[in-house]
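Chain by chain, the residues run as shown.
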Amino acid sequence: MTAPRLELKGVTKRYPGVVANNDVDLTVMPGEIHALLGENGAGKSTLVKFIYGVQRADAGWMKWEGREVEIPNPKAARDLGIGMVFQHFSLFDAMTVEENIALGISAELARGDLNSRIKEISASYGLPLEPDRYVHTLSVGERQRIEVVRCLLQSPKLLIMDEPTSVLTPQEVEELFKTLRRLSGEGVSILYISHKLQEIKELCHTATIMRMGEVVDDCDPAEETARSMAEMMMGKNLVSPERPEGIETGAPRLVVRNLTMESSDQHGVDLHGISFEVRSGEILGIAGIAGNGQTELLDALSGQVPVDDDDSIIIGGKTVGGAGPVERRAAGLSFVPEERLGHGAVPEMTLWENAFLSGATRKDLVKSGFIQIKKSSRYASEIVEKFKVKTPGVLNAAGSLSGGNLQKFIFGREILQDPSVIVVLQPTWGVDAGSAAAIRQSLLDLAAGGAAVLVISQDLEELFEVADQIAVICQGRLSRSWPPDEITVDEIGLLMAGVEADPRGAAHNGEAEGHAG
Amino acid sequence: MLVRLENRGEISKTMVYASPFIAVVLTLIAGVFLFALLGVNPVEAILSFFITPISTLDGFAELFVKGTPLVLIAVGLSFGFQANVWNIGAEGQLTVGALAGGGLALLFFESESLFLLPAMAAAGILGGMAWAAIPAFLKTRYNTNEILTSLMLVYVALLLLSYLIHGPWKDPEGQNFPESRLFPDAGILPVMIETTRMHVGWLFALAAVATGWILIARHVIGFQIRVTGMAPMAASFAGFKEKRIIWITLLMSGGAAGLAGMVEVSGPIQQIVPNISPGYGFTAIIVAFLGRLHPVGVLFAGLLMALTYLGGENAQIEMNLPNAVTGVFQGMLLFFLLAADVLIKYRVKFGGPKTAGAAEGAG
C-alpha cells in the first residue's frame, strides 16, 4: 500500500472562547478527491489554514508523503507541492491575467515564457483563459480559473479547493469537475471543501465529515444518500419545510415597474429596467450569481437607497420609490439584508435594543420620543420564544448569538411586525441547517398568511423549495419568471450566466451548453 | 524581537470602567518620576499639585469654576464622538458663544433686567450652534472632513474675538487696553457660595449631565446616535438619516460649548478679554474620552481635569515649576488611558507566531 500523501493527527486549534479544531485526524491518498464536509463554522477552514501554513495549530502533527513536516507559511506549503484556491480570490482588477499569475508564484516560475505556458495548461485542462485580458473584464468563473491555473503551474501534488462552486453556474461547475477528475487521474490529490452534498456525491471518492470542530465520520459518498450525509453533518434529523396547501394568490402587493438605478459604488452593478410583481400569498424567488445586482436591488426596494422615479416601486398600493425605509415600513414592508452583524442587527447592542431597531414604530415602542424599555423587552422575549432563538436572555448582545440564532431573531423581529410585503436577501447564508429549515418554513407560513414574499438567493435548492415563481437576475437585468416545475436547474444556470436566448430553446439546443462558461 | 498585539476576543466590562482609574494611578506614578528628575521633592510636588489647591474652601470652589466649562463641553462632544462625528472645534464654538452672550451684556450695559442673563445664555447657545453649523453644512453638503473644518474655525473665531476687542468692543474708558467694558450686574452669574468664585454655571453643567444621560440612555435621538456610531449600515437599515445625525450632534456640541463660553465671560471673567479660555475646548476632548463618553463619567473626569489646571497654577506659585506641567499631566493622562484601552482589547506577545507544541520536533 502506498504512503498517504497527507496525514494529519490530533490537530487542535483554540481561539479565545472557541475550539475551532479538536483532535482532528485526516488522511488523503494520492489521486484521491477527498471531501471535507461540514456546515459553516464546523472548522473546515481552520483545518485547511493549518495545512496551507497560514496558521499554526496548538497541538497535533502533519505528515507529507510519510515524512513529518512543519509548514510555517504558505510559501513552504507551495514548495512541498500544496496549492490552494481560496473562496475569495486575491486578484488585481487593473492587471492582466498573466501579471496576476506572475505575482502569485515564485520568481523562478514567473521567468521565461509564462504566457505560452499559461495557454498550454489552460488548453490541456479545459480551462479556457486568455493571458492578456484584464481581470476586471472577466466573469467570476473565469477569475476562478486564473487561481486554478496559477496553482497548476506549480505542478501541485495536493490541490485544496475552498467552496469553489459557490460562485459558479451549474454549467461552470460541470466544467470544473471535469478538470478536477482529470487531475485526480494524473495522481494529484484534491481536498474539496464544501457543504453541498449533491456535488460531493458526484465528485468525491471519500468524505470526512466535521461538526463543531471535530471529525464525526468518514464515509464513501457514493454509498450514502444526500440525506444521510446531511444527518451526519447536522447530527439530527432534518425537517423539510412543509408547503401549506391551497393558498390562493390575491392582489399584487409589491409592484416594480421599470426600476433603473445607477449604483453609488464604483464596483457596484447598475439596475436596468427591472419589472415584476408579487401578489398576496405568493413567493417570488430571484436567482443569480453574487454580484449581479442583488444587493443594489435590496437597497432600492428597502429604501436604503431611494430611487429617482417615485412610481417605479409600489408597496401596498402606495408609490414609494423616493421614500426611505421608515415610510416603506409604514406602507407594510419588512426586509432582511444579507449581512446580519452590523446591517440587520447591531452586534454590540442587546437583543431588546435590536428588536427596537426596526420595530420602533410598528410595535409602538416609542412614547413621546422616549424608548419604552419594558415593552421593547417584552417584544424581544416574544421573538425569542416564538422563533426558538437560543439565548440566555434579551439583555445579551446580538453579537453573542450564533449565525443561525441571530438570523432566526432577525426574521422573527420582521415577521412579528405583520408585514404585507417582505423582501429577504440570502436568508439562509451561513446558517446551520436546522435554523435554515425554520427560516424557510416561516417564509412559507408568512405567504400562507397573505403576505407577498420576495426571496433573493444564490441557493437554487432553496428557491425550488419555497418559491412559486422563479426569475433570474444577471448584470442588473431581471428575466421573466417561471413556476419551478416549468424550468430546470440547467435552464436557470444559463440565465445566470447571461445567455440571452430563451432558456427553453437554449437548453434543448446542445450547442448552447458549451458556451455557458 | 517582534512585538505583536493579539486580540483577546472578549472584552472585560470591569476593565473598561477600571481603565480611567488605572490611567490616573499611572499618571501619578509617572509624575513622581518626572518631579524627581526635575530635582524636586516628588512627594511635596504631588501634594502641591493635587492636594493643596483643594485644601481650602476657595480652592475647592475653584475646582467647580474650572470644571463647569469642561463638563459642559465634554457632555456635548461625547454625543458626536459616539456617532463618529468628530467636532474638534469646541474651542471656537466656545469663543463665539462667549462673544454672542457677552455681546448682549455689552449692548445692554445699563440694563437691570432679570431677563438679561437668560437672554445671554440663549445667545451663547445659539452662537456656538451657529459656529458648529458651518462644519455641519460643509459635511452634509460637500462631504468635507469635520475634523479639519471645525478645527480651522477655531482660529477664525479667535481672530474675530481679537478684532472685536481691539476695535468696536474696546472699553471706551479702558486706557486702550484690548478689553471690553465690565458687564452690568444683571449680566453676571450669581455666586453660589459667598466669598468664593463658584457661580451658578455649575448648575448648568449638572443639568447638561442629567439631560445628556437621559437622552443617550432613553431617548430615540440617543439610540440613533449610538446605532450610527456602532453600525452605520444598521442605522441605514433602520432608516435613520445620517445627515440628520450629523446636524444634531454638531449643533448639540456647538450649543454646549457656546453656553460654556457665555458662562466663562459672565461668571469668572465678567468682561470680554483676549484670552477667554485656557484651552477648555481642547481639554474637553480628553475629558470626554476619560469619562468613557458617558455623561456621568464626564462629570468626574471634568473635575479631575479641572484639578490639573489648579495644580499647575499652584505648583507654579509654590514650587517654581513651569506651567507646562499642566499640559504634561493632561497628556500623560490621555496617553495612559489610551494605552490601557488598547491593552484591554489586546494582549502583548513577544516573538513570532507561537509554534505548536507537538510540531516542535518536526521538520
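Going by the structure above, here's the rest.
Caption draft 1: Looking closely at the sheet that holds strand E15 (residues 318-319) of chain A. Residue and element names in this part refer to chain A. Within the open sheet, the four strands sit side by side as E12-E11-E14-E15. Their pairing is antiparallel. The open sheet has two edge strands, strand E12 (271-279) and E15, and neither has a second partner. Two elements, strand E11 (residues 252-261) and E12, share six bridges in a ladder whose sense is antiparallel. Paired with Met261 across the bridge in E12 is Leu271.

Caption draft 2: Region of interest: the pattern of salt bridges. Residues and elements named next belong to chain A. Taken as a whole and assessed by the stated rule, the structure comprises 23 salt bridges over all chains. Among the ionic pairs, Lys375 bridges to Asp364, the shortest N-O distance being 3.6 Å. Of this pair, Lys375 sits in helix H13 (residues 373-386) while Asp364 sits in the loop between helix H12 (351-359) and strand E17 (366-367), and the two are eleven residues apart along the sequence. Residues joined in a network through salt bridges with shared partners are Arg440, Asp459, Glu462 and Glu465.

Caption draft 3: Looking closely at the sheet that holds strand E9 (residues 206-211) of chain A. Residues and elements named next belong to chain A. The strand order E6-E7-E8-E3-E9-E10 describes an open sheet built from six strands, whose pairing is mixed. A strand with exactly one partner marks an edge of an open sheet, and here the two such strands are strand E6 (82-85) and strand E10 (214-219). Along the sheet, successive strands turn relative to each other by an average axial angle of 20°, direction set aside. The pairing of E9 with E10 spans five bridges and is classified as antiparallel. Within E10, the position partnered with Ala207 by the bridge is Cys219.

Caption draft 4: Fine view of the interface of chain A and chain B. On the side of chain B, 28 residues touch chain A, which itself brings 33 residues to the contact. Counting every contact that joins chain A to chain B gives one salt bridge. A salt bridge links B:Arg226 to A:Glu353; the nearest nitrogen and oxygen atoms lie 3.0 Å apart. Linking chain A with chain B are nine residue pairs in polar contact (both at pLDDT 80 or more), by the criterion used here. No other element matches the four residues that H12(A) contributes to the side of chain A that touches chain B. Split into classes, the residues belonging to the side of chain A that touches chain B amount to 17 nonpolar, seven polar and nine charged.

Caption draft 5: A look at the pairing of strand E8 (residues 189-194) of chain A. Residues and elements named next belong to chain A. Counting buried residues in E8 gives six out of six residues, a clear majority hidden from the surface. Of the two faces of E8, the one holding Ser189, Leu191 and Ile193 and the one holding Ile190, Tyr192 and Ser194 are both buried throughout. Here five bridges tie strand E3 (residues 33-37) to E8, and the two strands are oriented parallel to one another. Looking at E8, one finds that Leu36 is bridged to Ile193. Pairing geometry for strand E7 (residues 158-162) and E8, over five bridges, is parallel. Counted as the bridge partner of Leu159 is Ile190 from E8. Viewed along the sheet, the connection from E7 through helix H7 (residues 170-185) into E8 turns out right-handed.

Caption draft 6: Examining the nonpolar core more closely. A:Leu254, A:Phe276 and A:Val423 are the most contacted members of the largest nonpolar core, which totals 93 residues. Tallying contributions element by element places helix H15 (residues 433-448) of chain A first for this core, with six residues. Not counting chain neighbours up to four residues away, the residues in contact with A:Phe276 comprise A:Leu254, A:Val255, A:Val256, A:Arg257, A:Leu284, A:Leu301, A:Leu454 and A:Leu478. Of all hydrophobic cores here, the second largest spans 88 residues; its members include B:Phe49, B:Ala121, B:Leu215 and B:Leu310.

What counts and how
The numbers attached to residues start from 1 for each chain and follow its sequence in the written order. By the order in which they are written, chains take letters starting at A while ligands take numbers starting at 1. Only residues with pLDDT of 70 or above have their local features reported here, since the model is predicted, and side-chain atom pairs are shown and tallied only from 80 upward, although totals for entire chains, interfaces and linings are computed over all residues. To get the side-chain values, take all heavy atoms of the structure and skip hydrogens and water. Here, any two strands with at least 2 DSSP bridges between them count as paired. Strands are runs of DSSP state E lasting at least 2 residues, helices are runs of H or I lasting at least 4, and numbering of each runs from the N terminus. In the sections that follow, a salt bridge refers to a side-chain nitrogen of Lys or Arg positioned within 4 Å of a carboxyl oxygen of Asp or Glu. Simply put, an axis is a line fit to the C-alpha atoms, just over the touching stretch for a helix, and the angle between two N-to-C directions goes from 0 to 180 degrees. The contact criterion used is simple: two residues touch if any of their non-hydrogen atoms lie within 4.5 Å. Under the rule applied, a polar contact is a pair of N or O atoms within 3.5 Å (in protein, one hydrogen donor and one hydrogen acceptor; residues adjacent in sequence only if both atoms are side-chain atoms). All amino acids are sorted into three groups, where Ala, Val, Leu, Ile, Met, Phe, Trp, Tyr, Cys and Pro are nonpolar, Asp, Glu, Lys and Arg are charged, and the leftover types, Gly among them, are polar. Only protein chains enter the accessibility calculation, which uses a 1.4 Å probe; a residue whose area is less than 20% of its type maximum is buried, one above 50% is exposed, and one in between is partly exposed. If you view a crossover with the strands going away from you and the path from the first strand over the helix to the second runs clockwise, you call it right-handed. Side-chain atoms within 4.5 Å link the members of a nonpolar core, which is a set of buried Ala, Val, Leu, Ile, Met, Phe, Trp, Tyr and Cys residues.

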